[in-house]
Amino acid sequence: MDRCSLSPIPNAPVAQARLAPWRACVAATVLAAALGASSAIAADATLDAVARDIDAGRFEAAQARIDERLRDGDLAPQVRRDLEFQRERMRRIRLDFPMTEAQALQRLRERIPDLREDEFRRWKASGRIEHMVIDGTPYYFARSISNLFLLDPEAAARRAPPVKPPVVGPMERANAYHVEAVREARASGRHSVAPRRVRVTQSLVVEPDAVPAGEVLTAWIPYPRVIPGQQERLLFAGSQPAAHRIAPESAPQRTVQLEQRAKAGQPTRFSISYELTVHGQVNTIDADRVVPLDDATIARDGLAAHLGERAPHIVYTEAMRAFSKQVVGDETNAARIARKLFDAVDRIPWAGAREYSTLTNISDYALHAGHADCGQQTLLLMTLLRLNGIPARWQSGMVFSDGDYDNLHDWGWMYLAPYGWVPMDVTTGRLDGAGDPGVEWFYFGGLDAYRIAFNDDYAQAFVPPKQHFRSDTVDSQRGEVEWRGGNLYYDRWDYTFEAHVLPEPKPGE
């Protein structure tokens, strides 16, 4: 198989380090993902040059290349569409980086009144204040100031008023649910334990006049996958509008498709409701029992698809190889390698993330940025596991609580023989201070039941497929919406997710 490779990235400030250049096949794969397809498209020299210009912040040069090429009357339709996506990618990057340096300074001084410019420059140079130089001018990430207080204790200590602890989900600390699940698994010998029944309504609301009145809007709202032993007893309760198309259970990124005509001056609302039983997962990994994979196991369990590179987001760069070697050392046991890598990625601090469709190589970004969100951490860990011969795959959806907490979330699964596929949630990570190793390492081999998986892979086509670019070329959690004139990006609509955990059924019910 032909593989794409990226140039090694030096230890440079974050804003420059994450701008790794694409090779032609990487750009092709990214564009295929943007269209909701999993197969790569033909490489194109102009497309490759445009992608490199954008990653380097040379937007004017990229736009000039795009304009010149689009004037070609014989241009292949696929290449034309790919170039149009690169133009859209620049627009999305500008939405992610809306602040000038003066605006970023002003916003930070509102929180640190005695801020000195040399301190700002130091935080900027270190990447703590995330920015991108576009055509010679630095622009700052929309969440760069709030992220600074998450990433730098000195900045957090000087904020007036002091920084409040970030809002975290209840499952991010050891609690009664983890104890319940581990106790039940030990007592029963089962891996699927401590289930919860949940009722969900998820909505997507397009702002008024986002499209001309009378035009048909088509929406895709994420919908749970039926996964034996993990997610079962799925009951569709209804939708608005009533007509809908549910993707088959085999769809890696499952959705419900809905259509509705826009009305002048009114928002357009789509929603679905369902009930689902979710089981917690507990697997206590004994490293001494883990054995190397052989060809027969790989063939029998279909593991080849979960080994090796998958450009653009799983690529074995020289920097990735060096990091892996530093963490793994001479260890050869797959379980011990996996735990070392899990622990290393868990140490990367969480911070608010750029939109995935704007990033050229997410695992590489997570390696160099000095921070990462759940999907970025997961793709980094998947890359490192595969680099070490451990099959790894993606899963994502929503997390929720017994109260009013919900959030987008990504995690993954890894294959360790003889255990088979076991889950991993490196962002929730190690539960320090739990007292019980089974609880402390719960998310290395386990999952709680307060999450819903919509996706068993990333960058996969919807069923039925979108006709225009995806807003998220990697994940599917908020939803997607388009009309005959094109995709509607996140600046034109919003979503809501409401989850209610149902009471435990009484015996005999």
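Residues numbered from 1 in each chain as written. Predicted model: local features only at pLDDT ≥ 70, side-chain atom pairs only at ≥ 80, totals over all residues. Heavy atoms only, no water.

1. Digging into the overall build of the chain
Threshold: Counting from the N terminus, the helices are the DSSP runs of H or I reaching at least four residues and the strands are the DSSP runs of E reaching at least two. Working definition: with a 1.4 Å probe on protein chains only, accessible area under 20% of the residue-type maximum means buried, over 50% means exposed, and in between means partly exposed. We call two residues contacting when some pair of their heavy atoms lies within 4.5 Å. We score Asp and Glu as negative and Lys and Arg as positive, and we do not count His or the chain ends. Taken as the charge centre is NZ of Lys, CZ of Arg, CG of Asp or CD of Glu, depending on the residue.
Looking only at helices and strands, the chain has 16 helices and 15 strands in total. By principal-axis analysis of the C-alpha atoms, the chain measures approximately 65 × 55 × 55 Å. The buried share among the 509 residues of the chain stands at 55%. Put simply, of all contacts in the chain between residues at least 6 apart along the chain, 71% involve residues at least 24 apart. Positive and negative charge centroids in the chain, built from 61 and 68 side chains respectively, lie 1 Å apart.

2. Side note on the packing of helix H12 (residues 318–328) against helix H13 (residues 334–346)
Spelled out, the test is: Axis angles are defined between N-to-C directions and span 0 to 180 degrees, where every axis is a line fitted to C-alpha atoms and, for a helix, only to the segment in contact. Just so you know how the angles are binned, under 35 degrees is roughly parallel, over 145 roughly antiparallel, 65 to 115 roughly perpendicular, and the rest oblique. Take the far helix as your reference; a near helix turned counterclockwise from it by less than a right angle gives a left-handed crossing, and one turned clockwise gives a right-handed crossing. Each residue is assigned to one class: nonpolar for Ala, Val, Leu, Ile, Met, Phe, Trp, Tyr, Cys and Pro, charged for Asp, Glu, Lys and Arg, and polar for all the others, Gly among them.
The interhelical angle for the contact between H12 and H13, taken along N-to-C directions, is 110°, at an axis separation of 9 Å. Considering the angle they form, H12 stands roughly perpendicular to H13. The element H12 and its partner H13 pack so that their crossing is right-handed. The residues of H13 that touch H12, namely those facing Phe323, Val327 and Val328, are Ile337, Lys340, Leu341 and Ala344. For the contact of H12 with H13, the class distribution of residues is 6 nonpolar, no polar and 1 charged.

3. Here we look at the packing of aromatic side chains
Within a pair of aromatic rings, the relevant descriptors are the distance that separates the centres and the angle that separates the planes. Selection rule: Each pair of aromatic rings taken from Phe, Tyr and Trp, with Trp reduced to its six-membered ring, is defined by centres within 6.5 Å and is described as stacked if the planes are under 30 degrees apart, edge-to-face if over 60, and tilted in the remaining cases. Two conditions define a charge located above a ring, namely a distance within 6 Å from the ring centre to NZ of Lys or CZ of Arg, and an angle within 35 degrees of the ring normal.
Summed over the entire model, instances satisfying the criterion amount to 16 aromatic pairs. Relative to Tyr490, the ring of Tyr489 has its centre 5.1 Å away and its plane inclined at 40°; by these criteria the two rings are tilted. Accessibility assignment for this pair places Tyr489 and Tyr490 in one class, buried. Positioned above the aromatic ring of Tyr139, the side-chain terminus of Arg94 is 5.9 Å from the ring centre. The aromatic ring of Phe149 is capped on one face by Arg159, whose charged end is 5.0 Å from the ring centroid.

4. A few points about the side chain of Thr297
Structurally, the position occupied by Thr297 is in helix H11 (residues 295–300). Dropping the residues within four chain positions of it, Thr297 is found in contact with Leu303 and Tyr415.

5. Some remarks on unusual backbone geometry
Of note, the bond from Gln240 into Pro241 is cis; its omega dihedral lies within 30 degrees of zero at -5°. Mapped onto the secondary structure, Pro241 falls in the loop between strand S5 (231–240) and strand S6 (245–246). Even without being glycine, Ala459 reaches a positive phi, approximately 55°. Checked against the element boundaries, Ala459 lands in the loop between strand S12 (451–455) and strand S13 (480–483). Given a relative accessible area of 7%, Ala459 falls into the buried group.

6. Topic: the pattern of salt bridges
The criterion, for reference: What makes a salt bridge here is a side-chain nitrogen of Lys or Arg within 4 Å of a carboxyl oxygen of Asp or Glu, nothing more.
Per the counting criterion, the structure on display carries 41 salt bridges. Across the salt bridge formed by Arg336 and Asp288, the nearest N and O atoms sit 2.7 Å from each other. Here the residue Arg336 occupies a position in helix H13, and Asp288 occupies one in the loop between strand S8 (268–281) and H11, the gap between them amounting to 48 residues. With relative accessibility at 34%, the residue Arg336 sits in the partly exposed group. Salt-bridge contacts for Glu355 lead to Arg478; the nearest nitrogen and oxygen are separated by 3.0 Å. Of this pair, Glu355 sits in the loop between H13 and helix H14 (362–368) while Arg478 sits in the loop between S12 and S13, and the two are 123 residues apart along the sequence. You'll find Glu355 and Arg478 in the same group, each marked buried.

7. Quick notes on the packing of helix H6 (residues 101–111) against helix H8 (residues 144–151)
Running from N to C, H6 and H8 cross one another at 50°; their axes reach a closest spacing of 10 Å. Our classification of the angle between H6 and H8 gives oblique. In this structure, H6 meets H8 at a crossing whose hand is right-handed. Two secondary-structure elements touch here, H6 through Ala104, Arg107, Leu108 and Arg111 and H8 through Ile145, Leu148 and Phe149. Across the contact of H6 with H8, the residue classes break down as 5 nonpolar, no polar and 2 charged.

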